[in-house]
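Next come the chains, spelled out residue by residue.
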Amino acid sequence: MKITFLGAAHEVTGSCTLVECGGVRFIVDCGMEQGQDMFVNQSLPVSPGEVDFALLTHAHIDHSGLLPLLVKNGFSGAVYATAATCSLADIMLRDSAHIQMSEAEYKTRKAQRAGRPPVEPLYDLGDVEALVKLLRPCAYGEAVQPAEGVAVRFTDIGHLLGSACIEIWLSEGGETKKLVFSGDIGNTRQPILRDPQRIDSADYVVVESTYGDRTHGAERPDYISLLAGAIQRTFDRGGNVVIPAFAVGRTQEMLYFIREIKERGLIRGHDGFKVYVDSPLAIEATSVFLQCDTSFLDDEARAILARGVNPLYFDGLETSVSAEESKAINADTEPKVIISASGMCDAGRIRHHLKHNLWRSESLILFVGYQAEGTLGRALYEGAKEVRLFGEDVAVRAEVTYLPGVSGHADKNGLLDWMLGFTGRRPVQVFVNHGDDTACTAFAETLKEHGFEAMAPYSGTEYDLAAGAFVTLTEGVRVKPKEAAKRPKPMNEHLAALIAAAERLLEAARGAEGRPNKLLRGWTERINKITKDMKG
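Remember, it's a predicted structure, so these values are computed and weren't measured experimentally.

Across the junction of Ala341 and Ser342, the peptide omega takes the value 5°, indicating a cis bond. Tracing the backbone through its elements, the reader meets Ser342 in the loop between strand E15 (337–340) and helix H10 (350–357). In this model, Arg189 sits at a positive phi of 55°, which is unusual for a non-glycine residue. With respect to the helices and strands, the residue Arg189 is situated in the loop between strand E10 (175–181) and strand E11 (204–208). When its relative accessible area of 52% is taken as the criterion, Arg189 is described as exposed. Not every positive phi belongs to a glycine, and Cys345 is a case in point at roughly 70°. By relative accessible area, Cys345 is classed as buried at 0%.

So this is what it looks like as structure tokens:
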């Protein structure tokens, strides 16, 4: 009966943990790393074909993104998750496959020009389709037995539609231990979703720590007023509000807020302003939100639906699916709101919108979610004056700010409050993961201050759940930073134009043979005068 920590150890993304019990092996989450990789992660110590099944806490790519690769490499077991998670994972992983395939196609074209072999995508749509056939929807509160000696139950954790913490009962040699994975714990009093539900007993807990070292603020902000104010001041100066948002979760929250802003008429002088959702994935995900069982929603969202009102739709909402529709957004000179993915600005159409708006002092880049270390979003959030987009340096003149307190993650106080809910049987050991090095270490210390035995394991750490002892205790191995490639500073556009003009002048001078001497002398005098002015 053993647990091995693999991904999201002293990092925020790439969640993956291996559990073994009585000859059964399974993983909890199989996520893709996003942003800068800070620590070396141990690979799965068994072949994918030897993994009997998988449990998925929620559909975000940093928890689900490598499941198709697992299937590609031989995994054929069931993947258990809530019904909403299964629906969202289907569309999100298809989108991820398209990205993998597009990137591989681009790299292959470059490789072929250099005489190198083609690049294979990490996985493709066929791998995703094979995975989707393995998804097994489960209801909240339903007891499921995926294998002999293993029972599980999913409980709403309020982070994303369908997100769950997972209770796992492991039985071996006449002994049973209860292991709880928190998944990503949601923030309280957020729109659309219910608050996180508590678990009252466990022998062991694996808890996330994304905001383990900080809080969202003492009081819950008035999101509607703050967002309306940001839109008003940006529109008044003729700019666009660009919101980098995760396609699933945060985009729907923004639509929910803007619908109320429009309903209450909070924006003055810009009647009928347009809101563009520029993300095919976000459009599909919004459909899942609207079609899900209303038991997944909070009381306020259900009340809006009961009035016959679509909580995620309003006049002026425009969606763009094709590349042509996306490009047309920036041709529209009217002030507007643009919501696009990815939320951390590392990929997707948001980068095009940043290219068109970062240099405009009248525009606003509004962050509404966590920005991981090493991402473009984090660089902008921390005050970068210039960024690189599509091979060009782009000056950052736009206003860059954030909507405080808008997060799908519980803060330090919310995490602690959830942990203090273990009033029936307190865990004998808490493992803190899914937080950067500072956050997970700090939250482990906070838990110790409240009487918990807690530590933040590095990748490769193994713990015997039956014996209550570490088998292997690893130290973190930091990824060596790549030397930044030295590149010349790009030429000022006006200087480039001057040099181009001088080159055309030289070409014209060489072709002036046979022209009248008087004309040649006149041109020479004018050029000499310009040269003297430039040197002076």
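Take Ala81: it is sitting in strand E5 (residues 78–82). For the pair Ala81 and Leu135, spaced 54 residues apart in sequence, the C-alpha separation works out to 7.3 Å. Sequence-distant contacts of Ala81, that is, excluding residues within four places in its chain, are made with Leu56, Cys86, Arg136, Pro137, Cys138 and Phe154.

Turning our eyes to something else, we now look at the layout of surface pockets. In this structure, the largest pocket occupies an estimated 1,500 Å³ of space. Lining the largest pocket are 49 residues, with Gln34, Ile99, Ser342, Ala347 and Gly348 sitting closest to its centre. Mapped by element, the contributors of at least two residues to the lining of the largest pocket are helix H1 (61–64), helix H3 (83–113), helix H6 (250–263) and helix H7 (280–291). With eleven residues, H3 is the largest single contributor of residues to the lining of the largest pocket.

Moving on: the packing of H3 against helix H4 (residues 125–132). It is the contact of H3 with H4, at a shortest axis distance of 9 Å, that shows an interaxial angle of 160°. When the interaxial angle is binned, H3 and H4 end up roughly antiparallel. Crossing handedness for the pair H3 and H4: right-handed. Contacts between H3 and H4 involve Asp90, Leu93, Arg94, Ala97, His98 and Met101 on the former and, on the latter, Leu125, Val128, Glu129, Leu131 and Val132.

Our next topic: the pairing of strand E7 (residues 143–147). Here three bridges tie E7 to strand E8 (residues 150–156), and the two strands are oriented antiparallel to one another. Note that in E8 the partner of Val144 across the bridge is Val152. The hairpin formed by E7 and E8 contains two residues between the paired strands, and Gly149 there has a positive phi angle of roughly 85°.

Position of Ser182 among the secondary structure elements: in the loop between E10 and E11. Leaving out residues up to four positions away in the same chain, Ser182 has contacts with Ile157, Ala164, Cys165, Val206, Val207, Glu208 and Trp418.

Summarising burial for strand E1 (residues 2–7): five of the six residues are buried, a large majority. Here E1 runs beside strand E22 (residues 462–464); their pairing, made up of three bridges, is antiparallel. When the sheet's bridge partners are listed, Ile3 is paired in E22 with Tyr463. Both E1 and strand E2 (residues 16–21) contribute to a ladder of five bridges, which runs antiparallel. In the sheet register, Thr4 faces E2, and the bridge partner there is Leu18.

Parameters at a glance
The residue count restarts for each chain, going from 1 along the sequence in the order it is written. Local features in a predicted model are, by the rule used here, given only for residues with pLDDT of at least 70; side-chain atom pairs are given and counted only at 80 or more, and totals for whole chains, interfaces and linings are based on all residues. In computing side-chain properties, one takes all heavy atoms of the structure into account and sets aside hydrogens as well as water. Here a helix means four or more residues in a row that DSSP labels H or I, a strand means two or more in a row labelled E, and each is numbered from the N terminus. For every residue, the accessible area (1.4 Å probe, protein chains only) is compared with the maximum for its type, and the residue is labelled buried under 20%, exposed over 50%, or partly exposed between those bounds. Contacts are assigned to residue pairs with any non-hydrogen atoms lying within 4.5 Å of each other. A pocket, in this scheme, is an open set of points on a 1 Å grid over the protein atoms alone with protein on both sides within 12 Å along at least 5 of 7 lines, while a cavity is a set where a 1.4 Å probe fits but cannot get out; residues line either one if an atom lies within 4 Å of a point. Grid points are joined across faces, edges and corners, and a volume is the space filled by probe spheres set on the points. Each axis is a line fitted through C-alpha atoms, and for a helix only the stretch in contact is used; angles between axes span 0 to 180 degrees, taken between their N-to-C directions. Should an angle fall under 35 degrees it is taken as roughly parallel, and over 145 as roughly antiparallel, whereas 65 to 115 is taken as roughly perpendicular and any remaining angle as oblique. By definition, any crossing whose near helix is turned counterclockwise from its far helix by less than a right angle is left-handed, and any crossing with a clockwise turn is right-handed. The rule for pairing is simple: two strands pair if DSSP sees at least two bridges between them.

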